[in-house]
Amino acid sequence: AALLDVPQLPPKGDVYAHLRDARFKPDAAAATLAFVPTVAGLFGAYWLAAAGLQAGGGLGTLAVAGAGTAGWLLKTRLFMCFHDMAHNSFWPSSSEAGKLANRVFGALSGAVVYTSYARWCKIHNNHHNVSNNLDENQHAQTAPWSMRERGEAEPGTRRTFDAKYNALVQWIVGPWFVFFVVNRKCSAFENALWAAPLVACYAVGGLPLLLFEFAVSYVTAFTGMCLFHAQHTFDGVYKRRGEEWDFFENGLLGSSLLLIPEALKPFTLGIEYHHIHHLSTGVPSYKLRECHEAGEKKGLWDAVPTLPLSSIPATMPYAVWDEDGQEFLSVPQAQTRD
């Protein structure tokens, strides 16, 4: 199959020299300033929700709605902090205190966003090493198979895949399944941490606050899946096999620049600049925007695929990569080509 052309890219040395700039390294004060208000705000949102549920009436309903919105946005932001901690780049890993902070607060944050820190460290860091390399396992992505893999799979395996990656199942059941089933494949200690927020919600506000927590967590998980999907599953994405795959090319062409409204940027915490994150996980989330804007002035990101948020719905059915057509297919489309 004819591969999609690689556009002219900036010199690799220039890009990595930019990424190594001291301005974009993890900073303990900046990390703490990003993390502490997020946690404090999240506690405040749940306090407001508990008060609103107890008060009832119009004001109570309004309080719960506001708390739900704040909880969703702040949990999304907390996940971005957690994500960097798993890369050991939220607090500076150059010191033992920084490494310890990443591990301890990573495990605690992971409990709040229902994601195993130990499991995420392993699986997600591997994703960075093999993303869009079609000779490697892509099951950390939302469209993990190629048509070649599909053709080599047993009929039963194919049917299971089709049921799981059907758009309705993936986007309605998927958020629950990933965060409350798949992510439970971890140690007893981490599962105990995971249960703590649920127990706390029930102890403070009974079943109503527990249901509130489930609702906020579901919307947060859905949001996270949408963002992750848009970062790697879009028309024109870079995909290669074996020796044709290149880490640098994949960083610039296999990850998108997602255009996030300014009002939402404090909560996505820079993850929309995903090309930088895949080129260097050492640039923490709270420095990604600065790194992008400085590099943009140098013309370093001209080749990066840029997507509006409005592009996400059209890509949600994408589940299988067709190498012959160099395009994504939905499950029903893939079935017609079996």
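Right above here is the structure, for reference.
Residues numbered from 1 in each chain as written. Predicted model: local features only at pLDDT ≥ 70, side-chain atom pairs only at ≥ 80, totals over all residues. Heavy atoms only, no water.

1. Section: the overall build of the protein
Here is step 1: A count of helical and extended segments in the protein gives 15 helices and five strands.
Here is step 2: Its C-alpha atoms give the protein principal-axis dimensions of roughly 65 × 50 × 40 Å.
Here is step 3: Residues classed as buried in the protein amount to 51% of the 338 residues present.
Here is step 4: A fraction of 74% describes how many contacts in the protein between residues 6 or more apart in sequence connect residues 24 or more apart.
Here is step 5: Accessible area of the protein: about 15400 Å², with a carbon and sulfur share of 64%.
Here is step 6: Computed over 26 positive and 30 negative side-chain charges, the inter-centroid distance for the protein is 6 Å. (Helix = DSSP H or I, 4+ residues; strand = E, 2+ residues; numbered from the N terminus. Buried < 20%, exposed > 50% of the residue type's maximum accessible area, 1.4 Å probe, protein only. Contact = heavy atoms within 4.5 Å. Areas by Shrake-Rupley, 256 points an atom, 1.4 Å probe, with all protein chains shown as cover. Lys, Arg positive; Asp, Glu negative; His and termini not counted. Charge placed at Lys NZ, Arg CZ, Asp CG, Glu CD.)

2. Focus on empty space enclosed by the protein
Here is step 1: Under the definition given, this model contains one cavity of 30 Å³ or more.
Here is step 2: In this model, the largest cavity occupies a volume close to 40 Å³.
Here is step 3: Ala107, Gly110, Ala111, Thr115, Ser116, Tyr117, Arg184, Glu190, Leu193 and Trp194 together form the lining of the largest cavity.
Here is step 4: Among the secondary structure elements, those contributing two or more residues to the lining of the largest cavity are helix 4 (96-112) and helix 9 (188-232). (1 Å grid on protein atoms, 1.4 Å probe; cavity = no way out; pocket = protein on both sides within 12 Å on 5 of 7 lines; lining within 4 Å. Points joined across faces, edges and corners; volume = space filled by probe spheres on them.)

3. A few points about helix 9
Here is step 1: With 45 residues, helix 9 should reach 66 Å at 1.5 Å per residue; the first-to-last C-alpha distance of 32 Å falls well below that figure.
Here is step 2: Of all the bends in helix 9, the greatest, near 135°, is centred on Gly205, and the proline Pro208 appears no more than four residues after it. (Expected span 1.5 Å × (residues − 1). Bend = angle between axes of the 7 residues up to and from the residue.)

4. Regarding a nonpolar patch on the surface
Here is step 1: Judged by side-chain polarity, Leu168, Val169, Ile172, Val173, Phe177, Val178 and Val181 come together as a nonpolar surface patch covering roughly 560 Å² of accessible area.
Here is step 2: Positionally, Val178 belongs in helix 8 (residues 167-180). (Patch = residues over 30% accessible without salt bridge, like charges linked within 9 Å, V, L, I, M, F, W, Y side chains within 5 Å. Salt bridge = Lys/Arg side-chain N within 4 Å of Asp/Glu carboxyl O.)

5. Focus: the environment of Leu198
Here is step 1: One can find Leu198 in helix 9.
Here is step 2: Put simply, Leu198 and Leu209 are 11 residues apart on the chain and 9.2 Å apart in space, counted from C-alpha to C-alpha.

6. Things to note about the packing of helix 8 against helix 9
Helix-helix packing: each pair is described by the crossing angle between the helix axes and the interaxial distance.
Here is step 1: Axis separation between helix 8 and helix 9 bottoms out at 9 Å; the angle between their running directions is 120°. Between helix 8 and helix 9, the crossing angle belongs to the class labelled oblique. For the crossing formed where helix 8 meets helix 9, the hand is right-handed. Here Gln170, Trp171, Ile172, Gly174, Pro175, Trp176, Phe179 and Phe180 of helix 8 come into contact with helix 9, specifically with Trp194, Phe214, Ser217, Tyr218, Ala221, Phe222, Met225, Cys226 and His229.
Here is step 2: Looking at the contact of helix 8 with helix 9 residue by residue, the classes come out as 13 nonpolar, four polar and no charged. (Axes fitted to C-alpha atoms, helices over the stretch in contact; angles between N-to-C directions. Parallel < 35°, antiparallel > 145°, perpendicular 65-115°, else oblique. Left-handed = near helix turned anticlockwise from the far one by under 90°. Nonpolar A, V, L, I, M, F, W, Y, C, P; charged D, E, K, R; others polar.)

7. Quick notes on the pattern of salt bridges
Here is step 1: Applying the stated rule across the entire model yields 13 salt bridges.
Here is step 2: Salt-bridge contacts for Glu293 lead to Arg289; the nearest nitrogen and oxygen are separated by 2.9 Å. One end of the pair, Glu293, and the other, Arg289, are both in helix 13 (residues 285-297), four residues apart, so they sit about a helical turn from each other.
Here is step 3: Overall, the relative accessible area of 34% leaves Glu293 in the partly exposed class.
Here is step 4: When the shortest N-O distance is used, the salt bridge between Asp322 and Arg337 registers 2.6 Å. A residue pair is termed long-range when its members are at least 10 positions apart, and Asp322 in strand 4 (residues 320-322) and Arg337 in the segment after helix 15 (331-336) qualify at 15 residues.
Here is step 5: When its relative accessible area of 7% is taken as the criterion, Asp322 is described as buried.
Here is step 6: Judged by its relative accessible area of 43%, Arg337 is partly exposed.

8. Structural notes on the sheet that holds strand 4
Here is step 1: An order of 1-4-5 is seen for the three strands of this open sheet, with the pairing classed as mixed. Since the sheet does not close on itself, it has two edges, and those belong to strand 1 (145-146) and strand 5 (327-329), each with one partner.
Here is step 2: Where strand 1 lies against strand 4, two bridges are found, and the strand directions are parallel. The residue bridging Trp145 from the neighbouring strand is Val320, located in strand 4. (Pairing = 2+ DSSP bridges.)

9. Re the nonpolar core
Among soluble globular proteins, nonpolar side chains are generally buried collectively.
Here is step 1: Ranked by size, the top nonpolar core spans 58 residues in total, and within it Phe90 and Phe212 carry the most contacts.
Here is step 2: Sorting the residues of this core by element identifies helix 2 (28-55), helix 3 (57-86), helix 4, helix 5 (117-130), helix 8 and helix 9 as the ones contributing at least two each.
Here is step 3: Among the elements that make up this core, the one with the highest residue count is helix 9 (13 residues).
Here is step 4: Ignoring sequence-local partners within four residues, the contact set of Phe90 consists of Pro26, Ala31, Ala34, Phe35, Cys81, Asp84, Met85, Asn102, Ser285 and Tyr286. (Core = buried A, V, L, I, M, F, W, Y, C linked by side-chain atoms within 4.5 Å.)

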